[in-house]
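Notes for the structure review
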Amino acid sequence: MTDSPAPVRPDRRAEIAAGLAGVRSRIADACAAAGRDPAEVTLIAVTKTYPAGDVVALAALGVTDVGENRDQEAAPKAAEVAAAGADPCWHFVGQLQRNKAKSVVRYADVVHSVDSVRLARALDAASVSGRDRPLDVLVQVSIDADAARGGALPDTADPDAGLAAVAEAVAGGDGLRLAGLMAVAPLGWEPDRAFARLAEVAEAFRAVHPGATALSAGMSGDLETAIRYGATHVRVGSALLGMRPTLR
Ligand SMILES: *Cc1c(COP(=O)(O)O)cnc(C)c1O
């Protein structure tokens, strides 16, 4: 049995509440400016490097979705949060090794970072044997088509990393449900240019996969721009919880 985490101290709780209020109002303002309904945009609190107690505090403040980027950290944290009686939807947003698929499908509800056919197949096999319902998957796309930085490549026929091939592998998996696309603005790109490009890719993608409507884009620094270009999920860490000690 996993122990539930100690409750956060009142000053930390107040800090998290203030961070959340700030992010919620940024999302509301961005939706108003874009003429969008805020109900179309889901806030995912990215809690990497922060303890399970912070996740429980976020859940108590009404946050329904949390994100993590490393299995070694996320698996025990999810168990602690469950032991505290909180049940948020867990999003895995980081680079994922195939040998972690079995672990991730046990606690994650959504994986945002599938960018190869081989990873899709590994997750599908793990999901079929380790879950009682399909895993939601977003295909991570590369905005700058730099294969070294991860992300499936739009407009290329690469059999492992081409966007069409990865999407087909996800859509064809019995244990997976193709939910949409995810991207990170490349370093050195203006968010406007990055998310405009992503919106084009997403539009073409939805013409082929009309049910895959999720678009996960935007972080603490660029969520307004992502919302302007159609993000349905924003992944926010530091603006909610504070700067992380190490950047990763
Ligand atoms: C850490 C992380 C985030 C959150 O970043 P912040 O700048 O702290 O908001 C979002 N997406 C991914 C994939 C991440 O790894």
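Residues numbered from 1 in each chain as written. Predicted model: local features only at pLDDT ≥ 70, side-chain atom pairs only at ≥ 80, totals over all residues. Heavy atoms only, no water.

The name that an unreviewed UniProt entry assigns to the protein is Pyridoxal phosphate homeostasis protein, with the source organism given as Micromonospora endolithica. As its UniProt record puts it under Sequence similarities (unreviewed entry), the protein is described as follows: "Belongs to the pyridoxal phosphate-binding protein YggS/PROSC family." Reading the Function (unreviewed entry) entry of the UniProt record for the protein gives the comment "Pyridoxal 5'-phosphate (PLP)-binding protein, which is involved in PLP homeostasis." (UniProt positions renumbered as here; feature names shortened; annotations may be inferred.)

**Section: the UniProt feature "modified residue: N6-(pyridoxal phosphate)lysine" (unreviewed entry) in the protein**
The positions UniProt marks with the feature "modified residue: N6-(pyridoxal phosphate)lysine" (unreviewed entry) are Lys-48. With respect to the element layout, Lys-48 can be found in the loop between β1 (42-46) and α2 (52-60). (Helix = DSSP H or I, 4+ residues; strand = E, 2+ residues; numbered from the N terminus.)

**Thoughts on the site of the ligand**
Around the ligand sit Val-46, Lys-48, Val-93, Met-182, Met-219, Ser-220, Arg-235, Val-236, Gly-237, Ser-238 and Arg-244, and that is every residue in its neighbourhood. Within the backbone of Gly-237, an N or O atom sits 2.8 Å from an oxygen atom of the ligand. Between Arg-244 and the ligand, the recorded distance is 2.7 Å, taken from a side-chain N or O atom to an oxygen atom. Protein coverage of the free-state accessible area of the ligand, which is 390 Å², stands at 87%. Looking at the shell around the ligand, its residues break down into five nonpolar, three polar and three charged. (Near = heavy atom within 4 Å. Polar contact = N/O pair within 3.5 Å; in protein donor to acceptor, adjacent residues only side chain to side chain. Areas by Shrake-Rupley, 256 points an atom, 1.4 Å probe, with all protein chains shown as cover. Nonpolar A, V, L, I, M, F, W, Y, C, P; charged D, E, K, R; others polar.)

**Examining the nonpolar core**
Counting 67 residues, the largest nonpolar core has Ile-27, Val-111, Val-114, Leu-123, Val-170, Leu-181 and Val-234 as its most contacted members. The residues contacting Val-114, other than those within four sequence positions of it, are Leu-119, Ala-120, Leu-123, Val-137, Leu-138, Val-139, Gln-140, Val-166 and Val-170. Core analysis: the second largest hydrophobic core is formed by five residues, Val-110, Ala-179, Met-182 and Ala-214 among them. (Core = buried A, V, L, I, M, F, W, Y, C linked by side-chain atoms within 4.5 Å. Buried < 20%, exposed > 50% of the residue type's maximum accessible area, 1.4 Å probe, protein only. Contact = heavy atoms within 4.5 Å.)

**Comments concerning the layout of surface pockets**
The method is simple in principle: a probe with the dimensions of a water molecule rolls over the atoms, and the space it marks as empty is what remains. As a volume, the largest pocket reaches approximately 1,400 Å³. Listing elements by their share of the lining of the largest pocket, those giving two or more residues are α3 (71-83), α5 (117-130) and β8 (233-236). Grouping the amino acids of the lining of the largest pocket by side-chain chemistry returns 17 nonpolar, 16 polar and 15 charged. A volume near 220 Å³ is recorded for the second largest pocket. Pro-154, Asp-155, Leu-163, Ala-164, Glu-168, Arg-197, Glu-200, Val-201, Ala-204, Phe-205, Val-208 and His-209 together form the lining of the second largest pocket. When residues of the lining of the second largest pocket are traced back to their parent elements, those giving at least two are α6 (163-171) and α7 (191-208). Residue classes in the lining of the second largest pocket are distributed as seven nonpolar, one polar and four charged. (1 Å grid on protein atoms, 1.4 Å probe; cavity = no way out; pocket = protein on both sides within 12 Å on 5 of 7 lines; lining within 4 Å. Points joined across faces, edges and corners; volume = space filled by probe spheres on them.)

**Focus on unusual backbone geometry**
Positive phi, close to 75 degrees, is recorded for Thr-49, a residue that is not glycine. Residue classification places Thr-49 among the partly exposed residues on the basis of a relative accessible area of 26%. In this structure, Ala-145 takes a positive phi of about 55 degrees despite not being glycine.

**Concerning the side chain of Arg-36**
Note on placement: Arg-36 falls in the loop between α1 (10-34) and β1. A distance of 3.0 Å separates the side chain of Arg-36 from the side chain of Glu-40, its partner in a polar contact. A distance of 2.9 Å separates a polar atom in the side chain of Arg-36 from the backbone oxygen of Ala-231. If sequence neighbours within four positions are ignored, Arg-36 has contacts with Cys-31, Val-41, Ile-227, Gly-230, Ala-231 and Thr-232.

**Quick notes on the pairing of β1**
Within β1, four of the five residues are buried, leaving the element largely enclosed by the surrounding structure. Two elements, β1 and β8, share four bridges in a ladder whose sense is parallel. Bridged to Leu-43 within β8 is Val-234. Sheet topology places β1 next to strand β2 (residues 65-68); two bridges connect them, and they run parallel. Across the sheet, residue Ala-45 finds its bridge partner in β2, namely Val-66. (Pairing = 2+ DSSP bridges.)

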